[in-house]
Amino acid sequence: MKVARFSHGESISFGIVDEEEHELVVLKADPMFAGYDPTGERVPLAEAKLLAPVIPRSKVVAVGKNYHDHAAEMGGEAPAEPLLFLKPNTAVIGPGDSIVLPPESSQVEFEGELAVVIGRIARRVSEADAASVVFGYTIANDVTARDLQRSDGQWTRAKGFDTFCPLGPVIDTDLDLERGTIETSVNGERRQEARLADMVHSIPAIIAYASNVFTLLPGDVILTGTPAGVGPITTGDTVEVSISGLGSLANPVRSA
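(A) Examining the layout of surface pockets more closely. Within this model, the largest pocket holds a volume of roughly 240 Å³. Lining of the largest pocket is provided by 15 residues; of these, L177, E178, S202, I203 and P204 occupy positions nearest its centre. Counting only elements with at least two residues in the lining of the largest pocket, the list comes to strand 12 (134-141) and helix 5 (203-211). Ranked by residue count, the leading element in the lining of the largest pocket is helix 5, at three residues.

(B) A look at the environment of T181. Within the secondary structure layout, T181 lies in strand 15 (residues 181-186). Taking the C-alpha atoms as reference, T181 lies 8.9 Å from G245; in sequence the two are 64 residues apart. Not counting residues within four places of it along the chain, the set of residues in contact with T181 comprises A194, R195, L196, S242, I243 and S244.

(C) Seen up close, the nonpolar core. If you look at the biggest cluster of nonpolar residues, it comprises 36 residues, and the most contacted ones within it are L114, V116, Y137, I207, I222, I243 and L246. Of all the secondary structure elements, the ones that give two or more residues to this core are strand 1 (2-8), strand 3 (23-27), strand 6 (60-64), strand 11 (112-118), strand 12, helix 5 and strand 19 (238-243). With 32 residues, the next largest nonpolar core counts A145, L148, C165 and V239 among its residues.

(D) Region of the structure containing empty space enclosed by the protein. The full count for this structure, using the stated rule, is one cavity of 30 Å³ or more. What the largest cavity holds in volume is close to 50 Å³. Together, V3, F14, D30, P31, M32, P53, V54, R57, F135 and I171 line the largest cavity. For the lining of the largest cavity, a count of residues per class yields eight nonpolar, no polar and two charged.

(E) Representation of the packing of aromatic side chains in the model. Tallied over the full model, the rule gives two aromatic pairs. Seen in terms of ring centroids, F85 and W155 are 5.1 Å apart; in terms of plane orientation they differ by 70°. Their pairing is edge-to-face. In this pair, F85 is assigned in strand 7 (residues 83-87) and W155 in the loop between helix 3 (146-152) and helix 4 (156-160), connecting sequence segments 70 residues apart. Of the residues examined, F85 reaches a relative accessible area of 9% and is grouped as buried.

(F) Representation of the side chain of K159. Following the sequence through the fold, K159 ends up in helix 4. A polar contact is formed between the side chain of K159 and the side chain of E111, at a distance of 3.4 Å. Setting aside anything within four residues of it in sequence, one finds K159 in contact with F85, K87, E111, D142, V143, T144, Q149 and F164.

(G) Local environment of the side chain of T138. Positionally, T138 belongs in strand 12. Given a relative accessible area of 0%, T138 falls into the buried group. Only 3.3 Å separates the side chain of T138 from the backbone oxygen of G168, close enough to count as a polar contact. A distance of 2.7 Å separates the side chain of T138 from the backbone oxygen of V170, its partner in a polar contact. Each residue touching T138, except ones within four places of it in the same chain, is listed here: P53, E113, L114, A115, V117, L167, G168, P169, V170, I171, I243 and L246.

(H) The pairing of strand 6, seen in detail. Among the five residues in strand 6, five count as buried, and that is most of the element. Of the two faces of strand 6, the one carrying V60, A62 and G64 and the one carrying V61 and V63 are both buried. Pairing of strand 6 with strand 7 involves five bridges; the strand directions are antiparallel. When the sheet's bridge partners are listed, A62 is paired in strand 7 with F85. Alignment of strand 6 against strand 17 (residues 221-223), held across three bridges, turns out to be parallel.

(I) Broad picture of the pattern of salt bridges. Here the structure, examined in full by the defined rule, presents 19 salt bridges. R179 serves as the salt-bridge partner of D176, at 2.8 Å between the closest nitrogen and oxygen. Classification of D176 by relative accessible area gives partly exposed; the value is 35%. Judged by relative accessible area, which is 71%, R179 ranks as exposed.

What counts and how
Residues numbered from 1 in each chain as written. Predicted model: local features only at pLDDT ≥ 70, side-chain atom pairs only at ≥ 80, totals over all residues. Heavy atoms only, no water. 1 Å grid on protein atoms, 1.4 Å probe; cavity = no way out; pocket = protein on both sides within 12 Å on 5 of 7 lines; lining within 4 Å. Points joined across faces, edges and corners; volume = space filled by probe spheres on them. Helix = DSSP H or I, 4+ residues; strand = E, 2+ residues; numbered from the N terminus. Contact = heavy atoms within 4.5 Å. Core = buried A, V, L, I, M, F, W, Y, C linked by side-chain atoms within 4.5 Å. Buried < 20%, exposed > 50% of the residue type's maximum accessible area, 1.4 Å probe, protein only. Nonpolar A, V, L, I, M, F, W, Y, C, P; charged D, E, K, R; others polar. Phe/Tyr/Trp six-rings, centres within 6.5 Å; stacked < 30°, edge-to-face > 60°. Polar contact = N/O pair within 3.5 Å; in protein donor to acceptor, adjacent residues only side chain to side chain. Pairing = 2+ DSSP bridges. Salt bridge = Lys/Arg side-chain N within 4 Å of Asp/Glu carboxyl O.

Written out as structure tokens, the structure reads:
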């Protein structure tokens, strides 16, 4: 099932995507908390603006160097345990929203990623039980000021600017992770391509590890790492991240 958060007219709603009819089945409330109770209204997809499908209640948890080839291109090896960092929820934007290049950086780069949306309170969850706390999956771009990442010695500022966490276009509650693939293109030119199964640390392992550090809350998002091929973006570019079964997340780039 694919769930969207969208605006239509003056209202913001949640809906189930009816792909055959190209419509949104409007729900009474956020299904993460209220279930899938329809209002009886349908909105054509062409008339709706898709928004970030979730605004994290507390945090975006991200995993660094979770593909061997990306770790190598960054000059090292993949860590033995998930390398965690946080992005603020104020970094989140939706499909079509602009990635804004901050004046503090001269080297902003894209990182296409699969995102996991947490649906239940999770504290010290085992790998075997990890699936029970997942609401679904969406696409992310872990935008990074690479020069600041190097100069600061830690990643908070480099990863945390406003607009540095595009999410969307929908949440899929039943994504095929074993056969899924991820691609990122800039202005139509492919820059990244990998299988989701190539992650160093699996999604259950990441959830278990992260939930042993801090409680995960409903609406929290986990970014699972990017494959090789990351690179710079400049004003006028369009970055598009695609995951099989989930669609594509495209965002233009502009200066502040």
